[in-house]
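# Inside the fold
Chain by chain, the residues run as shown.
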Amino acid sequence: MVQTIALVDDDRNILTSVSIALEAEGYEVRTYTDGDEAHRALSSRPVDLAVLDIKMPRMDGMELLQRIRQNSAMPVIFLTSKDDEIDELQGLRMGADDYIKKPFSQRLLIERIKALLRREVLNAGGGKGTVEPGSVMVRGELVLDNARHSCTWKGQEIDLTVTEFLLVKALAQRPGHVKSRDQLMDAAYGEHIYVDDRTIDSHVKRLRKKFKVADADFAQIETLYGVGYKYRDA
């Protein structure tokens with residue numbers, strides 16, 4: 001079955017270029033230029049995943065996400081500008097699954113979409129099926145399921161975005177070894193995509209907060225100032 005993606009952005013150039021890229025990957029794409037138009041259409045014609053710009057006329061991405069979440073748990077990715085960090089945090093709390101900053105790589109967006117749709121298919125199966133060799137990583141109290149992009153700490157599920165999951169995985173692969181910000185950047189975004197150091201620092205800060213909600217004593221991710229981060233030995 002062909003999976004359907006909604007693109008909602010008031011920038012028609014983005015709608016056109018991303019649509020072409022996604023259709024080349026075999027997806028059906030529906031485009032909308034404002035949140036109100038998208039809400040009316042999605043209410044009657046649901047999709048498998050939505051990509052939303054935050055700042056749009058008539059109904060912004062935040063309000064659209066809020067309305068989507070009243071009836072649907074489908075994956076949602078936000079497109080944000082560099083100065084939207086507060087909106088990013090609010091969006092994640094409201095139920096967005098990930099966010100990507102503009103200007104963005106189409107390849108990065110496609111990989112995030114694939115990861116989220118793959119997770120949805122596996123979750124819809126209730127966890128049944130063959131476990132791929134090496135798909136589950138266990139580091140003491142930390143369990144990462146690579147196939148489902150799921151994470152648990154001391155038996156409690158930690159709700160991570162795709163980017164956050166990839167960062168934890170990169171750190172936990174070799175406990176005690178330092179990962180530079182450049183190495184973490186490559187792990188989360190790919191070798192040919194650059195984000196500044198503050199973006200990695202912001203992700204790590206959010207990661208710690210999420211783990212501390214489950215365990216106030218969580219201290220596995222250590223900062224080595226001027227060098228990078230490491231995951232403590234179990």
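Cut-offs used in this document
Residues numbered from 1 in each chain as written. Predicted model: local features only at pLDDT ≥ 70, side-chain atom pairs only at ≥ 80, totals over all residues. Heavy atoms only, no water. Phe/Tyr/Trp six-rings, centres within 6.5 Å; stacked < 30°, edge-to-face > 60°. Buried < 20%, exposed > 50% of the residue type's maximum accessible area, 1.4 Å probe, protein only. Helix = DSSP H or I, 4+ residues; strand = E, 2+ residues; numbered from the N terminus. Arc of directions from axis to C-beta. Polar contact = N/O pair within 3.5 Å; in protein donor to acceptor, adjacent residues only side chain to side chain. Axes fitted to C-alpha atoms, helices over the stretch in contact; angles between N-to-C directions. Parallel < 35°, antiparallel > 145°, perpendicular 65-115°, else oblique. Left-handed = near helix turned anticlockwise from the far one by under 90°. Contact = heavy atoms within 4.5 Å. Nonpolar A, V, L, I, M, F, W, Y, C, P; charged D, E, K, R; others polar. pLDDT = per-residue confidence, 0-100. Pairing = 2+ DSSP bridges.

## Let's talk about the packing of aromatic side chains
- Going through the model one piece at a time under the given rule, you end up with three aromatic pairs.
- Pairing Phe 211 with Phe 218 gives two aromatic rings, centres 4.4 Å apart and planes at 15 degrees, and the pair type is stacked.
- Three or more aromatic residues joined by ring pairs make a cluster, and in this case those are Trp 153, Phe 211 and Phe 218.

## A closer look at helix H3 (residues 61–69)
- Taken together, the buried positions of H3 are occupied by Gly 61, Met 62, Leu 64, Leu 65 and Ile 68. The arc that holds the buried residues of H3, viewed along the axis, is 165 degrees, so those residues lie on one side.
- Where H3 starts, the residue carrying a side-chain oxygen 3.2 Å from the main-chain nitrogen of Met 62 turns out to be Asp 60.

## What to know about the packing of helix H6 (residues 162–172) against helix H7 (residues 181–189)
- Across the interface, H6 lies against H7 with an axial gap of 8 Å and an inter-helix angle of 130 degrees. Our classification of the angle between H6 and H7 gives oblique. Between H6 and H7 lies a crossing of right-handed hand. Facing Thr 163, Leu 166, Leu 167, Ala 170 and Leu 171 of H6, the residues of H7 in contact are Leu 184, Ala 187, Ala 188 and Tyr 189.
- For the contact of H6 with H7, the residue count by class is eight nonpolar, one polar and no charged.

## Examining the confidence of the model for the chain
- The predicted model of the chain has a mean per-residue pLDDT of 86, with 88% of residues at 70 or higher.
- Taken as a whole, residues 127–131 scores under 50 in pLDDT and shows four contacts with residues more than four places along the chain or in a different chain.

## Observations concerning the sheet that holds strand E2 (residues 28–32)
- Within the open sheet, the five strands sit side by side as E2-E1-E3-E4-E5. Their pairing is parallel. Either end of the sheet is taken by a strand with one partner, and the two such strands are E2 and strand E5 (98–101). Averaged over all pairs of adjacent strands, the angle between strand axes in this sheet comes to 20 degrees, irrespective of strand direction.
- Pairing analysis gives four bridges linking strand E3 (residues 49–53) to strand E4 (residues 76–80), with the strands arranged parallel. In the strand pairing of E4, Asp 53 is matched with Leu 79.

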